[in-house]
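One-letter residues, chain by chain:
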Amino acid sequence: MATKVFQKQIAARRFFRKIFVVLFCLTSSFGTAEERGFFDDLFYDPPEDIIVPDTGIEHRRQFEERDGIILRKSFNSTAAASAGWTGFPQLNNLSEGFDVIPGAVAEARLSFIARPSPIFSMGGSVFTEVDHHSVVPDWTDIAIDELYADYIWNDKAFFRMGKFPMAWGNGRIFGPGNLMIQSEKGLTFRATLPTVMDGVTIAALANDHYSAAPGTPFLIKRDTVGAVLLEKVFGSVHFALGGRSHRDLTNTTAALAAFKTVVLRTDVFTDLVLHHDNEEGFYFRTVAGFFREWEKLQMYGEYYFDGLMEENKGHNLGFAIGYKNIFSGPVDVGVEWRHAFVDNSGRVFPAITFSPWPLIRINFGIPILYGDDATRSLLVDRDEDDKESITYHLPSNRGISFLFSIGLSYSF
């Protein structure tokens, strides 16, 4: 049953990813901050189970043979437009505060994986994209997205070092339990011991964000992060206990306790995070939520509390609902809502996505902001060490926008 918990928790993230991943590219290009990437990675489906008939072939021996380099190439391009008002439109003067911004983005990506030995492998991804912020748009220099090496010791310990993402915690709309959010920005080391308890992970992070001073050699930097995560399954309940320590000027530390299980065919989870640093002392963050799915309908909701906000005002709600193949065809619709009780501000974001032709996808969304004083709320996954970025600023007035994009994607 615990396996079903994990599979359903993973399956919880795809549907809204299909709807909004292109809108994420669009709004990160020329939209305002309140429209960026809220739905990316909320839901995705794991690969379907593959049933292999018994052929008498020794599959372990095949797996242990050395493999060559496997390459995967992809190209994505999107043409888009954003139109809207800084406040709600005035019926007597619709042009007031109205603006239209066209845009286009493109990306070419090369990924690889190589297994020269049964106990050693490498993987990575590089890309180039159109620099739409330049006066004259042009392709950027090739950048490394991921680059790492894996080593297996005696089938008991798995090591990975390089540049790659890590994610802790269960939250998808709010992520206070994701203490590893900085992992993909620099050098990361991870050791996994799957045979100890139900999994033990030891990690260390180091990148420019943690530099003690510009030009300081890596080996003598103090501003590195160390972390450990212990996992255990009790019946149908998955329990995780982790800690993270950042040796900087404020000596920040954080402790995580996370739970997830299934109740009445509904996934429920919670992350409890206790922080401490020399500036703020102790403060508490938590998220609790649920996920439920039917054949075509999916619902996801979370409550988030940020104890760093004064006067016990850090209460937030998030809810997402999506419906697949609404017209018995490849047309998906969804809406996400976020609300912050500190000033009763928030955002409602309905969207629709469909594919009228092969390789082509069209997206349309209408983000709507509300609240007379929407100056803070709606936290996103940010670096927990950067307290200034924890506050999520919205326009100082109500607003409504219309987002449209048409994209071409091809992998080979």
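Structure: above.
Computed from a predicted model, the values in this text were never measured in an experiment.

A.B. asks: I'm lost on the overall build of the protein chain in this one. Help?
C.D. replies: A count of helices and strands for the protein chain gives three helices and 19 strands. A burial count over the protein chain gives 42% of its 412 residues as buried. Counting every atom, the protein chain has about 22100 Å² of accessible surface; 60% of that belongs to carbon and sulfur.

A.B. asks: Mind showing me how you'd approach the pairing of strand 8 (residues 225-234) here?
C.D. replies: Looking down a regular strand, the side chains alternate between one sheet face and the other. Note that strand 7 (residues 200-206) and strand 8 share six bridges and pair antiparallel. Across the sheet, residue Ala 204 finds its bridge partner in strand 8, namely Gly 226. Where strand 8 lies against strand 9 (residues 237-246), ten bridges are found, and the strand directions are antiparallel. Bridged to Glu 231 within strand 9 is Ala 240. Taking the residues between adjacent antiparallel strands as the criterion, strand 8 and strand 9 are bridged by two residues, where Gly 235 takes a positive phi near 65 degrees.

A.B. asks: For this particular structure, what's the right way to read the environment of Ile 101?
C.D. replies: Counting through the fold element by element, Ile 101 comes out in strand 2 (residues 98-117). With relative accessibility at 32%, the residue Ile 101 sits in the partly exposed group. Separated by 20 residues in sequence, Ile 101 and Ala 81 have C-alpha atoms that sit 5.7 Å apart.

A.B. asks: Is there a simple way to think about the nonpolar core in this case?
C.D. replies: Soluble globular proteins tend to bury their nonpolar side chains together. Counting residues in hydrophobic clusters, the biggest one holds 16 residues, and the most contacted among them are Met 166, Trp 168, Leu 179, Met 180, Leu 256 and Val 273. At the level of elements, strand 7, strand 8 and strand 10 (252-263) are the ones that each hand at least two residues to this core. If we ignore the near neighbours within four places in the chain, the residues touching Trp 168 are Gly 177, Asn 178, Leu 179, Met 180, Ala 227, Val 228, Leu 229, Gly 243 and Leu 256. Membership of the second largest hydrophobic core comes to eight residues, among which are Ile 173, Phe 174, Tyr 300 and Ala 320.

Procedures and definitions
- Residues numbered from 1 in each chain as written.
- Predicted model: local features only at pLDDT ≥ 70, side-chain atom pairs only at ≥ 80, totals over all residues.
- Heavy atoms only, no water.
- Helix = DSSP H or I, 4+ residues; strand = E, 2+ residues; numbered from the N terminus.
- Buried < 20%, exposed > 50% of the residue type's maximum accessible area, 1.4 Å probe, protein only.
- Areas by Shrake-Rupley, 256 points an atom, 1.4 Å probe, with all protein chains shown as cover.
- Pairing = 2+ DSSP bridges.
- Core = buried A, V, L, I, M, F, W, Y, C linked by side-chain atoms within 4.5 Å.
- Contact = heavy atoms within 4.5 Å.

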